[in-house]
Amino acid sequence: MSSLDAIREGYARFDPRAYLQNNYMPPRADFSSEQCVVPWKLRCLAETFASGEICGRTLIDVGSGPTIYQLLSACEHFEEVVATDFLEVNREELQRWVRGEPGAFDWSPFIQHVCKIEGRGEPWQEKERRLRGRLRRILPIDVHCADPLGAPLRPPADALLSTFCLEAVSPDRAAFGRALVNVGSMLRPGGHALLLGALGESFYLAGAARLPVVPLDEDDVRGALSDAGFTIRDFRSYTMPPALRTGVDDVQGVFFVHAQKPLEG
Ligand SMILES: C[S@@+](CC[C@H](N)C(=O)[O-])C[C@H]1O[C@@H](n2cnc3c(N)ncnc32)[C@H](O)[C@@H]1O
Ligand SMILES: O=[N+]([O-])c1ccc2c(c1)CN[C@@H](CO)C2
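Sequence order sets the numbering: in each chain, residues are counted from 1 along the sequence as written. Each chain takes a letter, starting from A, and each ligand takes a number, starting from 1, following the order in which they are written. Residues qualify for local features only when their pLDDT is at least 70, as the model is predicted, and side-chain atom pairs are given and counted only at 80 or more; totals for whole chains, interfaces and linings, by contrast, use all residues. To obtain the side-chain values, all non-hydrogen atoms of the structure were used and water was disregarded.

A.B. asks: Sorry, what's going on with unusual backbone geometry here?
C.D. replies: A negative phi holds for most residues other than glycine; trans holds for most peptide bonds. Residue Pro 27 is bonded to the preceding Pro 26 through a cis peptide linkage, with omega at 5°. The secondary structure listing takes helices from DSSP runs of H or I that are at least 4 residues long and strands from runs of E that are at least 2 residues long, numbered from the N terminus. Inspection of the secondary structure puts Pro 27 in the loop between helix H2 (16–24) and helix H3 (37–50). Each neighbour pair has its own omega, and for Arg 154 with Pro 155 the value is -10°, a cis peptide bond. Residue placement: Pro 155 occurs in the loop between strand S3 (137–140) and strand S4 (157–163). We note that Phe 164 has phi near 55°; this positive angle belongs to a residue other than glycine.

Take a look at the structure:
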């Protein structure tokens, strides 16, 4: 069995609800302190989108999983947000939220927090409605394929977002770098890429699933982006405090990077 097959087999046991519980409920989803990891992630995205420089028709989110927090600031600046994931159970979890179906995960604390830090003073239900209206495609994806969506994205995306995906699905740094090239092919020249991801992590749990992660440091991320032809615009990192090292993974920190694909080539 290839290392990619082993990872695919691990994801067959991925439990979206356990994953949400592990990462998007307290203590990690604690909005009372800006020092907590989820407010830090949301602030990175809100501040980066606040300039208005990153905008256009389509943003594609790679490896969305069962989460929408990563789209809350992005959705203001694109006509359409395309979510993607390898697993049908995750795509179904996203559909449940989009349709406001019972049993969907409650993202309202996240939406309320983003409305607060964006400072527009809008009711959070307005933002929820706007995201639901712009999240019109939830597609299967495999970042290990040259065409991750199975065929080239036409027209290419104006922006690409991916959070905790590439390092969590790649057996080694070379595969991480190839996956980055693959997803970069969906982005138009001059388009922006925003990545959040794990630093120094080797595994994470999601119910019965125990998934291997390729441990990355800042230089690995910078090098992979440079090798994939991206220019780095901003790089930030967060150190996971002891209180948030809960045993659901061995993550040491989180990186945020804003990169751009050159106009030519
Ligand atoms: C750690 S989760 C990240 C979820 C979400 N983006 C977040 O920020 O929490 C990794 C996601 O990658 C997806 N995945 C697994 N294999 C993949 C592949 N080959 N290509 C794309 N996504 C994949 C999983 O289904 C899972 O939803
Ligand atoms: O602290 N967080 O907000 C947070 C959110 C998601 C994830 C992590 C940490 C660490 N593990 C990754 C999977 O490799 C998923």
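A.B. asks: How should the site of ligand 1 be read in this particular structure?
C.D. replies: What makes a residue near a molecule or strand is one non-hydrogen atom of that residue sitting within 4 Å of it. As a matter of local geometry, ligand 1 sits amid 21 residues, with Tyr 19, Tyr 24, Tyr 69, Asp 85 and Thr 163 nearest to it. Pairing of N or O atoms within 3.5 Å defines a polar contact, subject to two protein rules: one partner must be a possible hydrogen donor and the other a possible acceptor, and residues neighboring in sequence count only if both atoms are side-chain atoms. Taking Ser 64, its main chain carries an N or O atom lying 3.2 Å from a nitrogen atom of ligand 1. One of the side-chain nitrogen or oxygen atoms of Asp 85 is found 2.7 Å away from an oxygen atom of ligand 1. Where accessible areas are quoted, they stem from the Shrake-Rupley method and a 1.4 Å probe; at the residue level, only the protein chains shown are allowed to cover. Burial of ligand 1 by the surrounding chains reaches 98%, relative to a free accessible area of 590 Å². Note on definitions: the grid is 1 Å and covers protein atoms alone; a cavity is a set of points where a 1.4 Å probe fits but cannot get out; a pocket is an open set with protein on both sides within 12 Å along at least five of seven lines; lining residues have an atom within 4 Å of a point. In this scheme, a molecule is assigned to a cavity or pocket if more than half of its atoms are within 2 Å of the grid points. The pocket occupied by ligand 1, as judged from atoms lying within 2 Å of grid points, is the largest cavity. We call Asp, Glu, Lys and Arg charged. Ala, Val, Leu, Ile, Met, Phe, Trp, Tyr, Cys and Pro are nonpolar, and the rest, Gly among them, are polar. A breakdown of the residues in the shell around ligand 1 according to their chemical character gives twelve nonpolar, seven polar and two charged.

A.B. asks: Would you mind going over helix H9 (residues 218–227) with me for this structure?
C.D. replies: Three or four residues apart is the spacing at which side chains of an α-helix point the same way, because the helix has 3.6 residues per turn. Considered for burial, the residues of H9 that qualify are Asp 220, Val 221, Ala 224 and Leu 225. Burial along H9 is one-sided: seen end-on, the buried residues are contained in an arc of 125°. Counted as exposed and oriented over 90 degrees from the buried face of H9: Asp 219 and Asp 227. Here the buried face of H9 lies against helix H8 (173–184), strand S5 (187–199), strand S8 (231–239) and strand S9 (253–260). Under the scheme applied here, a residue whose accessible area is under 20% of the maximum for its type counts as buried, over 50% as exposed, and between as partly exposed, the area being computed with a 1.4 Å probe on protein chains only. Arc definition: directions from the helix axis to the C-beta atoms. Here, two residues are considered to be in contact whenever any of their heavy atoms come within 4.5 Å of each other.

A.B. asks: What's the story with helix H6 (residues 124–134) in this structure? I'm lost.
C.D. replies: Within the span of H6, buried status applies to Lys 127, Glu 128, Arg 130 and Leu 131. The buried side chains of H6 occupy one side of the element, clustering within an arc of 165° when seen end-on. Among the structural elements, helix H4 (88–98) and helix H5 (108–118) are those in contact with the buried residues of H6.

A.B. asks: I keep staring at the pattern of salt bridges and nothing clicks. Help me out?
C.D. replies: Side-chain pairs of opposite charge can arise whenever the charged atoms involved come near each other. We define a salt bridge as a side-chain nitrogen of Lys or Arg found within 4 Å of a carboxyl oxygen belonging to Asp or Glu. Under the defined criterion, the tally for this structure stands at 23 salt bridges. Here Asp 158 makes a salt bridge to Arg 188, at a shortest N to O gap of 3.0 Å. In this pair, Asp 158 is assigned in strand S4 and Arg 188 in strand S5, connecting sequence segments 30 residues apart. Arg 222 is the partner of Glu 218 in a salt bridge, and the nearest nitrogen-oxygen pair spans 2.8 Å. With Glu 218 and Arg 222 both in helix H9 and four residues apart, this pair spans about one turn of that helix.

Honestly, it's all geometry; don't read function into it.
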